[in-house]
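Fold and contact review
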Amino acid sequence: MMIFSSGVGITILIVFVCVFGIGGLSILFFFLGKKLWMTYQEKNNKLIDSAITKTEMMKDINAYIKKNQRFGSASFIYIDLDSFHSFIDVYGQKTCEDALKIIAKRIANLLPHEAKIANVNKDDFLIFIKEENNSIHNDNLCKKILDNVREPINIFEEDQMVITASIGVATYPQVGDSLNDILSGLEVTTYVSKREGGNKATTYYASLLDEERENMACYKEIKEAIWRKEFVLYYQPIINFEEKTIYGAEALMRWNHPSRGVVAAKDFISLLEQSGDIHWVGEWGITQMIKFQQAMLKKFPNLPLIFSLNLSTKQLLNKNLARNLIRIAKKLNANPKRIVFEVTNFMVYEKISVLEDNIKTLKNFGFNVAVDGFSLDGQSIISVQKGPIDIVKLGRDFLKDIDNNFTKEKLLESLKEFITSHHKTLVSEGIENDSGLRYVEKQGIHLGSGYYFSKPINQNAFSDYVGEMKWIERLEVLD
């Protein structure tokens, strides 16, 4: 019995060793194969022949640091294409991949012979130049890169793609003595360039990382949210009381946060401003809004819905804003007469030339411009009368105390006289109940929005709202 048991034990042991030996080898070969396949894909997906892979770049940098031990000198240039994801939404993946190859070749042609370039993180490039940390040389090279990236790329017969870049520069050993130090330095300098509107280069200095540490956390979260497409537009209906129909909607940005749920813009817009991605919002917003507007027009061809999108002062200070929005509208064959851009702080319109130029350019193309959250006072009315405004949206303050609105009603009469004589449009925001609706209608205002009609809702809910004409029952109080 003992001999039998011993024999069985040896047999089991042999089987165990064989099975787990083969299994272990299988697992080993699986991971080796996976690594080889990823390396193969990296090498065959290069945008230009002269580029190396991201893996090779990291190995080269590590090897250089190990060899020189802070006695060498090197320059690192990180290039992040501004709002490239919005181009993908408009032109498609294939067209944008072709554009990336063109940009990669342009950059490579500017580099000195000893430089190495790798395409990293989707639309980003990393340049490594050994034995070079001359700030003047770096500044000149970055200027050439910015100019060449910005050169228009012909897409179709009459269409061009104009791309800008945010650049971060760090030199070794000033930035630190490890790969992690170099990458952290490049990350923060690129962030600063992007936050300040892009199309510029920022060079690392000793205290920069400490100064920007808190902002960097916001930047990383926002960047990841953009690539994961967590931002969406909600739509709040604007109703025509007189004709008992829907006039259109205001598009409002929301963040489908993985842990916080649907977050309103007021709770994250400052993060977008800190990260520099506020400049992306306009292009992303108009792209999404136009596509939905066209889908709604196809579904409801007898409803020429007017859609509006808010532009902050910071967005309007971007000198390329109007040009970029017009480019997108042309590409998507949008009707500019059905698109409204809302401006909140209109009092500074004439004081800042960049802001004024953007609004005039948008107007000249055919877009409508609205004053959002308009406050009824003499100075505001004069300001509106002087500017290129199509729509005035009365702010919620107008309906806060309708029993003591005598002064505001007098100012409203003056505003309405201007609106009527100059063929403008007047809208009342913030209608929260039936008494507010009756008051607005009594003042001769026939367009309005607010929670009384609907809170901001997603695309599917808005489509249902229009199809079921859900505003009709709310207007019964006017009969």
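Here's a quick rundown of the structure. Each chain carries its own residue numbering, running from 1 in the written order of its sequence. Local features in a predicted model are, by the rule used here, given only for residues with pLDDT of at least 70; side-chain atom pairs are given and counted only at 80 or more, and totals for whole chains, interfaces and linings are based on all residues. Calculated side-chain values reflect all of the structure's heavy atoms, with hydrogen atoms and water omitted.

Here the focus is the pairing of strand β2 (residues 115-120). Every regular strand shows the same layout, with side chains that alternate between the two sheet faces. Following DSSP output, two strands are said to pair if at least two bridges run between them. Every helix listed is a DSSP run of H or I at least four residues long, and every strand listed is a run of E at least two residues long, numbered separately from the N terminus. Pairing geometry for β2 and strand β3 (residues 124-130), over 6 bridges, is antiparallel. Paired with Asn119 across the two strands is Phe125, which belongs to β3.

Turning to unusual backbone geometry, a few remarks are in order. Following Tyr172, the chain continues into Pro173 via a peptide bond in cis, with omega recorded as 10 degrees. Along the chain, the position of Pro173 falls in the loop between β6 (165-172) and α6 (179-195). A positive phi angle, near 55 degrees, is found at Asn333, a position not held by glycine. Following the sequence through the fold, Asn333 ends up in the loop between α11 (321-331) and β12 (339-343).

Note: strands within a sheet are paired through backbone hydrogen bonds, in either parallel or antiparallel orientation. Taken together, the 5 strands give an open sheet; going across it, the order is β2-β3-β1-β6-β7, and neighbouring strands pair in mixed fashion. Each edge of the sheet is formed by a strand with only one pairing partner; in this case those strands are β2 and β7 (200-203). Across the sheet, the mean angle separating the axes of adjacent strands is 20 degrees when strand polarity is ignored. Contacts: residue pairs with any heavy atoms within 4.5 Å of one another. Note on geometry: axes are C-alpha line fits, over the in-contact stretch for helices, and angles between N-to-C directions span 0 to 180 degrees. Strands in contact with helix α4 (residues 93-110) are β1 (74-81), β2 and β3; relative to β3, the strand with the most contacts, it is inclined by about 15 degrees.

Take the pattern of salt bridges next. Throughout this description, the term salt bridge denotes a Lys or Arg side-chain nitrogen within 4 Å of a carboxyl oxygen of Asp or Glu. Inspection of the entire model under this criterion finds 25 salt bridges. For Lys116, the salt bridge identified is with Asp60, shortest N-O distance 2.6 Å. Taken together, the positions of Lys116 in strand β2 and Asp60 in helix α2 (residues 54-68) put the pair 56 residues apart, joining distant regions of the chain. For each residue, the accessible area found with a 1.4 Å probe, counting protein chains only, is set against the maximum for its type, and the residue is called buried under 20%, exposed over 50%, and partly exposed in between. Overall, Lys116 belongs to the partly exposed group, its relative accessible area being 26%. On the basis of relative accessible area, Asp60 is assigned to the partly exposed category, the value being 23%. Close ionic contact of Lys220 with Glu187 constitutes a salt bridge, the shortest N to O distance being 3.6 Å. Linking Lys220 in helix α7 (residues 208-227) with Glu187 in helix α6, this pair joins segments that are 33 residues apart in sequence. Here the residues in one salt-bridge network are Asp80, Asp82, Lys194 and Lys223, joined through shared partners.

Fair warning: the whole summary comes from geometry, so function is off the table for now.
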